[in-house]
Structures are given as C-alpha cells and as structure tokens.
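Topology and contacts: notes
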Amino acid sequence: FDRRLELVDRLPDESISVWASASDLRQLVMNLCLNARDAVETKDHGHISVSLARRGQTAVLEVADDGVGMSDDTLARLGEPFFTT
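So, a few notes on the structure that sits alongside this text. Note that the structure is predicted; figures quoted are calculated from it, not measured. (Residues numbered from 1 in each chain as written. Predicted model: local features only at pLDDT ≥ 70, side-chain atom pairs only at ≥ 80, totals over all residues. Heavy atoms only, no water.)

**With respect to the sheet that holds strand β1 (residues 4-10)**
Strand order in this open sheet of three strands is β1-β2-β3, and the pairing throughout is mixed. Strands with a single pairing partner mark the edges of an open sheet, and in this sheet they are β1 and β3 (58-65). Going across the sheet, the axis of each strand differs from the next one's by a mean of 10 degrees, ignoring polarity. In this sheet, strand β2 (residues 45-55) lies alongside β1 in parallel orientation, the contact comprising seven bridges. Paired with D9 across the bridge in β2 is V50. The strands touched by helix α1 (residues 22-39) are β1, β2 and β3; relative to β3, the strand with the most contacts, the crossing angle is about 25 degrees. (Pairing = 2+ DSSP bridges. Helix = DSSP H or I, 4+ residues; strand = E, 2+ residues; numbered from the N terminus. Axes fitted to C-alpha atoms, helices over the stretch in contact; angles between N-to-C directions. Contact = heavy atoms within 4.5 Å.)

Put into structure tokens, the structure is as follows:
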C-alpha cells in the first residue's frame, strides 16, 4: 500500500523546557505519530501535523490528523485502563 502522507510541523523557534525524560517524550511522539499514520491509512493523501506551543507555564504538544476519527463506542471507552483499539 503506497501511502502519501504530508507531515507538517509547527515548532517554535525558541526551546521549551519540560520536566520529562527525553526517551519518554520520543516514545510519546512516536506513538502519537504512528496512531495518526494508521488513522489516515485509507486516504489517498493524508495530513499529519505536529505542533508545540507554550501557554503560560504549560507546554502543549499536539499531533493531529485528517483521518476518519473514532467511533462513538471507542470514544466512550477512551479513558479505560488497558483499553486499546
């Protein structure tokens, strides 16, 4: 399957410090990007964006895609421990 994906990054010019393990952050971003990739797998051309911003004293990391989204049943179980799709 040949997927054409466009990855857009919106990263600030200045660094943002957070209290976290670098390896944990790498794993987090990788997992979010892989989930986004899977969400757009049925599209001929998918878009994934990664952004990082400072909001007051908080760093906000966002990974978004233009995939089909989750069903209502999946959304209802989203916070359950050990739930996976």
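**A look at the pattern of salt bridges**
In the structure shown here, the tally under the stated rule is three salt bridges. For K43, the salt bridge is made with D66, and the minimal N-O distance between the two is 3.5 Å. Here D66 lies in the loop between β3 and α2 (72-76) and K43 lies in the loop between α1 and β2, a separation of 23 residues in the sequence. Owing to a relative accessible area of 27%, D66 belongs among the partly exposed residues under this scheme. The salt bridge involving E80 is made with R77; its shortest N-O contact spans 3.1 Å. Using a relative accessible area of 38% as the deciding quantity, one classes R77 as partly exposed. (Salt bridge = Lys/Arg side-chain N within 4 Å of Asp/Glu carboxyl O. Buried < 20%, exposed > 50% of the residue type's maximum accessible area, 1.4 Å probe, protein only.)

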